[in-house]
Amino acid sequence: MNKDELRALQAPLKNKYKEEPSSAIVTLSARSRLDSDGIACKVETGKAMVAVGLHPVTGGDGSYVCSGDMLLEALAACAGVTMKAVSTALDIPLRDAVVVAEGDWDARGTLGVSKESPVGLANIRLRFEIDSDAPDEQLAKMVELTERYCVVFQTLRGPTPLSVSHVRK
């Protein structure tokens, strides 16, 4: 896809969202079902069921996907798609690009070993490894716009309200 095809694809959507802002709001969702045997669950993705369980540093055997890894994978995926769209829109040729998302995790917090240790990922880092002949200024602009428009990045960065509820089945 080139920049003209991308613009043609997105122009009617942008116009609709300007005229009817509420039509731009969608509810995304994810579901998992707890495994009846192990300490695991199965997450429904759009394509397949993914078995998710304990990471080896919390007692898992390594046979399951870790939800922390999935969070970083979502960040890398979103940033990658966003960068591809931005590079296409700006007509910046890329021979290759790799997006690396990393985050430090102290399992002591999750296991309740240390109240001072956070529960969750800390120091999340996003790195772009770019192979292109484009000038440094263009690449910097592309990365800046990727950061600005990446949904997962902006969700993790900002104070996004979270709520929890439960219902009896």
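Look up: the structure comes first, before these words.
Residues numbered from 1 in each chain as written. Predicted model: local features only at pLDDT ≥ 70, side-chain atom pairs only at ≥ 80, totals over all residues. Heavy atoms only, no water.

**Side note on the sheet that holds strand β1 (residues 31-34)**
Consideration 1: The sheet built from 3 strands is open, its strands ordered β1-β2-β3 with antiparallel pairing. Across the chains shown, the open sheet's two edge strands, defined by having one partner strand only, are β1 and β3 (49-53). Between one strand axis and the next, the sheet turns through 30° on average, direction left out of account.
Consideration 2: As paired strands, strand β2 (residues 40-44) and β3 are joined by 5 bridges and run antiparallel to one another. Looking at the pairing, K42 lines up with A51 of β3. (Pairing = 2+ DSSP bridges. Helix = DSSP H or I, 4+ residues; strand = E, 2+ residues; numbered from the N terminus. Axes fitted to C-alpha atoms, helices over the stretch in contact; angles between N-to-C directions.)

**As for the environment of V100**
Consideration 1: Within the secondary structure, V100 sits in strand β4 (residues 96-105).
Consideration 2: What makes V100 buried here is its relative accessible area of 18%.
Consideration 3: Each C-alpha atom of the pair V100 and L72 lies 8.6 Å from the other, and the pair is 28 residues apart in sequence.
Consideration 4: Among all residues touching V100, those that are not within four sequence positions of it are R125, L126, R127 and E129. (Buried < 20%, exposed > 50% of the residue type's maximum accessible area, 1.4 Å probe, protein only. Contact = heavy atoms within 4.5 Å.)

**Let's talk about helix α1 (residues 3-19)**
An α-helix turns once every 3.6 residues. As a result, residues three or four positions apart point the same way.
Consideration 1: If you check α1, its first and last C-alpha atoms are 24 Å apart, about what 17 residues at 1.5 Å a residue would give, namely 24 Å.
Consideration 2: Where α1 begins, one side-chain oxygen reaches toward the backbone nitrogen of D4, 2.9 Å away; that side chain belongs to N2. (Expected span 1.5 Å × (residues − 1). Polar contact = N/O pair within 3.5 Å; in protein donor to acceptor, adjacent residues only side chain to side chain.)

**Some words on helix α4 (residues 136-149)**
Consideration 1: Between its terminal C-alpha atoms α4 stretches 20 Å, which fits the 20 Å expected from 14 residues at 1.5 Å a residue.
Consideration 2: Three or more residues of α4 are buried, namely L139, M142, L145 and T146. Taken around the axis of α4, the buried residues stretch over an arc of 130°, which confines them to a single face. Opposite the packed face of α4, turned more than 90 degrees from it, sit the exposed residues D136, E137 and R148.
Consideration 3: On its buried side, α4 packs onto α2 (67-89) and β5 (121-131). (Arc of directions from axis to C-beta.)

**With respect to the packing of α1 against α2**
Consideration 1: Orientation of α1 relative to α2, taken along the N-to-C sense of each, is 110°, at an axis distance of 8 Å. Comparing their axes, α2 and α1 come out roughly perpendicular. Crossing angle aside, the handedness with which α1 passes α2 is left-handed. Residue-level contacts link K3, L6 and R7 of α1 to A85, T88 and A89 of α2. (Parallel < 35°, antiparallel > 145°, perpendicular 65-115°, else oblique. Left-handed = near helix turned anticlockwise from the far one by under 90°.)

**Overview of the nonpolar core**
Consideration 1: Ranked by internal contacts, the top residues of the largest apolar core, which has 16 residues, are L75, I92, A101, L139, M142 and C150.
Consideration 2: Looking at which element gives the most residues to this core, the answer is α2, with 7 residues.
Consideration 3: Leaving out residues up to four positions away in the same chain, A101 has contacts with L72, L75, A76, R125 and L126. (Core = buried A, V, L, I, M, F, W, Y, C linked by side-chain atoms within 4.5 Å.)

**Brief notes about unusual backbone geometry**
Consideration 1: Positive phi values are uncommon outside glycine, yet D91 reaches one of about 60°.
Consideration 2: Mapping D91 onto the fold places it in the loop between α2 and β4.
Consideration 3: For D91, a relative accessible area of 51% corresponds to the exposed category.
Consideration 4: Its identity is not glycine, yet N123 carries a phi of approximately 50°, on the positive side.
Consideration 5: Relative to the assigned elements, N123 resides in strand β5.

**Thoughts on the pattern of salt bridges**
Consideration 1: Per the counting criterion, the structure on display carries 10 salt bridges.
Consideration 2: Between D131 and R95 there is a salt bridge whose closest N-O contact spans 2.8 Å. Here R95 lies in the loop between α2 and β4 and D131 lies in strand β5, a separation of 36 residues in the sequence.
Consideration 3: A salt bridge links R125 to D104, with the shortest nitrogen-to-oxygen separation between them at 3.0 Å. A residue pair is termed long-range when its members are at least 10 positions apart, and R125 in strand β5 and D104 in strand β4 qualify at 21 residues.
Consideration 4: Its relative accessible area of 36% is what places D104 among the partly exposed residues.
Consideration 5: Salt bridges linked by common partners bring E102, D104, R125, R127 and E129 together as one network. (Salt bridge = Lys/Arg side-chain N within 4 Å of Asp/Glu carboxyl O.)

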